[in-house]
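Residue-level structure breakdown
Okay, here's what each chain looks like letter by letter:
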Amino acid sequence: MKMNEVKCPKCGRADKQNKKGFTAVGSQRYFCNACHYKYTPERKKWVYTEEQRNQALQAADARLLRQGCGKSVRNE
Ligand SMILES: [Zn+2]
């Protein structure tokens with residue numbers, strides 16, 4: 001994977017991605033010319049280790065479950 005390759009989170013295309021200014025906090029904004037979706041790819045400022053990433057993901061999962069988001073998958 002190329003370092004500066006960005007992918008549209010909506011349609012998943014890696015081509016036709018244009019830079020489109022910055023967000024209020026200074027993150028690079030992108031614009032997808034395929035589906036006209038504006039997004040901000042993962043922030044490069046914060047570098048997480050694999051472990052920190054997993055912990056953050058688990059915390060986010062736990063939060064979602066606690067919120068009782070009806071879409072959580074239950075294997076019961
Ligand atoms: Zn798109």
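Structure first, text after, so check above.
Described in the following lines is the structure provided in the data block. Computed from a predicted model, the values in this text were never measured in an experiment.

**Some thoughts on the overall build of the protein**
Secondary structure assignment for the protein yields one helix and three strands. When the helices and strands of the protein are read in sequence order from the N terminus, they spell out β-β-β-α. For the protein, the proportion of its 76 residues judged to be buried stands at 3%. A fraction of 22% describes how many contacts in the protein between residues 6 or more apart in sequence connect residues 24 or more apart.

**Considering the pairing of strand β2 (residues 28–32)**
Alignment of strand β1 (residues 17–22) against β2, held across four bridges, turns out to be antiparallel. By the bridge assignment for β2, glutamine 17 is matched with cysteine 32. The turn joining β1 and β2, which pair antiparallel and follow one another in sequence, is formed by five residues; a positive phi near 90 degrees is taken by glycine 26. One ladder, built from two bridges, connects β2 with strand β3 (residues 38–39); its direction is antiparallel.

**Section: the sheet that holds β3**
Reading across the sheet, the three strands line up as β1-β2-β3 and stay open at both edges, with antiparallel pairing between neighbours. Looking at the sheet topology across the chains shown, the edges are occupied by β1 and β3.

**Observations concerning unusual backbone geometry**
Note: most residues except glycine have negative phi, and most peptide bonds are trans. Positive phi is not limited to glycine here, since lysine 16 has a value of about 60 degrees. Topologically, lysine 16 is positioned in the segment before β1. The phi dihedral of histidine 36 is positive, around 60 degrees, even though this residue is not glycine. Within the secondary structure layout, histidine 36 lies in the loop between β2 and β3. The exposure class of histidine 36 is exposed, given the 10 C-beta atoms found within 10 Å.

**Details of the environment of alanine 34**
Among the structural elements, alanine 34 can be located in the loop between β2 and β3. For alanine 34, a count of 14 C-beta atoms within 10 Å translates into the label partly exposed. Considering only alpha carbons, one finds alanine 34 and cysteine 8, 26 residues apart in sequence, at a separation of 8.8 Å. Non-local contacts of alanine 34, meaning those with residues more than four positions away in its chain, are made with Cys8, Cys11, Arg13 and Lys16.

**A few points about helix α1 (residues 50–66)**
An α-helix turns once every 3.6 residues. As a result, residues three or four positions apart point the same way. In this model, α1 (17 residues) spans 24 Å end to end at C-alpha, consistent with the 24 Å of a helix rising 1.5 Å per residue. Across the 17 residues of α1, zero count as buried, placing the element largely on the outside. Backbone geometry just downstream of α1 places glycine 68 in the positive-phi region, at approximately 65 degrees.

Rules and cut-offs
Residues numbered from 1 in each chain as written. Predicted model: local features only at pLDDT ≥ 70, side-chain atom pairs only at ≥ 80, totals over all residues. Helix = DSSP H or I, 4+ residues; strand = E, 2+ residues; numbered from the N terminus. Buried ≥ 20, exposed ≤ 12 C-beta atoms within 10 Å, placed from the backbone. Contact = placed C-beta atoms within 7 Å. Pairing = 2+ DSSP bridges. Expected span 1.5 Å × (residues − 1).

By themselves, these figures tell us nothing about what the structure is for.
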